[in-house]
Amino acid sequence: TVPVIAVDGPSGVGKGLVTRWLAQRLPGWHRLDSGALYRILALAAQRRHLDVRAAAAIARLAPALDIRFEGHTEDDERIVVDGQDWTHEVRKESTGALASVIAAVPEVRAALLQRQRDFRRRPGLIADGRDMGTVVFPDAVLKIFMDASAEERARRRLKQLSAKGIQATLAPLCEEIRARDERDRNRPIAPLKPADDAEVIDTTGLAPEAVKARVEALLQR
Ligand code: CDP
């Protein structure tokens, strides 16, 4: 079977950084940004004016969408859906919030399950999200669960946004992160939590290099 490394954790915890390091360390491995699939489905539903409660109709959109991930870094990333460039829309904060609402719907999660597993191809897959280690790839060879306080994640998100020239303030960002956490951790289906066999890394107060060292040590085992 094709090996999978699962990287799970809440919003803004630095999974992107870790998956990019892993991709550098493991040449040729594929990547699955499962959150992007939820974001794309949320946008597709919005464009068709579907109510977030129209679970069955939203779920039916999932298999038909033609989704392409192009580029390898954050800067040259391109997300093409049905031939159109959706990158900018997909990455908006508002899209993340909408995604977390539809992600609580069981039919939606079921509809995306096979699409996520289809990314598992030789030589291996690095998958990030909320339930990679618990639900989608329970047989992953390595499961990393990253965590950090909401304040710390809000501060990091603020820095990221300002680096992109986007103005934001800390308090509402922190509120948004807490609301997202609340939805992700307390939903009845696939709630955000570490798998029993996950390696938990609390990155609160850890510099990126220290996180990298922890991940490197896990790879060496
Ligand atoms: O960028 P951020 O970490 O905030 O979010 P994301 O990973 O792009 O995911 C957006 C939303 O989709 C999350 O808040 C989750 O509610 C949902 N999601 C999920 O339920 N399961 C996944 N495997 C990935 C994302």
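The shown structure was predicted, so the numbers you read here are calculated from the model rather than taken from an experiment.

1. Side note on the environment of A148
- Tracing the backbone shows A148 in the loop between β7 (142-147) and α8 (150-163).
- The class for A148 is buried, based on a relative accessible area of 6%.
- Sequence separation between A148 and G14 is 134 residues; the distance between their C-alpha atoms is 9.2 Å.
- Residues in contact with A148, not counting those within four places in the same chain, are V13, R153, R156, D202, T203 and T204.

2. Description of the packing of aromatic side chains
- In this structure the tally under the stated criterion is one aromatic pair.
- Over the ring of W86 we find R47; its NZ or CZ atom is 4.2 Å from the centre of that ring.

3. Points about helix α9 (residues 170-186)
- Between its first and last C-alpha, α9 extends 24 Å over 17 residues, near the 24 Å set by a 1.5 Å rise per residue.
- Taken together, the buried positions of α9 are occupied by L173, C174, I177, R180, D181 and D184. Projected onto a plane normal to the axis of α9, the buried residues spread over an arc of 125° and lie on a single side. For α9, exposure combined with an orientation more than 90 degrees from the buried face picks out A171, E175, E182 and N186.
- In this structure, the buried residues of α9 make contact with α2 (34-47), α5 (93-102) and α8.

4. Quick word on the side chain of E152
- Relative to the helices and strands, E152 is located in helix α8.
- Residue E152 is classed as buried on the basis of its relative accessible area of 13%.
- Of note is the side chain of E152, whose polar atom sits 3.0 Å from the side chain of R156.
- Beyond its immediate sequence surroundings of up to four residues, E152 is in contact with T203, T204 and G205.

5. Quick word on the site of the ligand
- Taken together, 19 residues are adjacent to the ligand, and S11, R39, R109, R180 and D184 come closest.
- Interatomic distance of 2.7 Å between a side-chain N/O atom of R109 and an oxygen atom of the ligand.
- In the model, an oxygen atom of the ligand is placed 3.2 Å from a nitrogen or oxygen of the R130 side chain.
- Listing elements by their share of the shell around the ligand, those giving two or more residues are α2, α5 and α9.
- Here the shell around the ligand gets four residues from one element, more than from any other, and that element is α2.
- Residues belonging to the shell around the ligand are distributed by class as follows: four nonpolar, six polar and nine charged.

Rules and cut-offs
- Residues numbered from 1 in each chain as written.
- Predicted model: local features only at pLDDT ≥ 70, side-chain atom pairs only at ≥ 80, totals over all residues.
- Heavy atoms only, no water.
- Helix = DSSP H or I, 4+ residues; strand = E, 2+ residues; numbered from the N terminus.
- Buried < 20%, exposed > 50% of the residue type's maximum accessible area, 1.4 Å probe, protein only.
- Contact = heavy atoms within 4.5 Å.
- Phe/Tyr/Trp six-rings, centres within 6.5 Å; stacked < 30°, edge-to-face > 60°.
- Lys NZ or Arg CZ within 6 Å of the ring centre and 35° of its normal.
- Expected span 1.5 Å × (residues − 1).
- Arc of directions from axis to C-beta.
- Polar contact = N/O pair within 3.5 Å; in protein donor to acceptor, adjacent residues only side chain to side chain.
- Near = heavy atom within 4 Å.
- Nonpolar A, V, L, I, M, F, W, Y, C, P; charged D, E, K, R; others polar.

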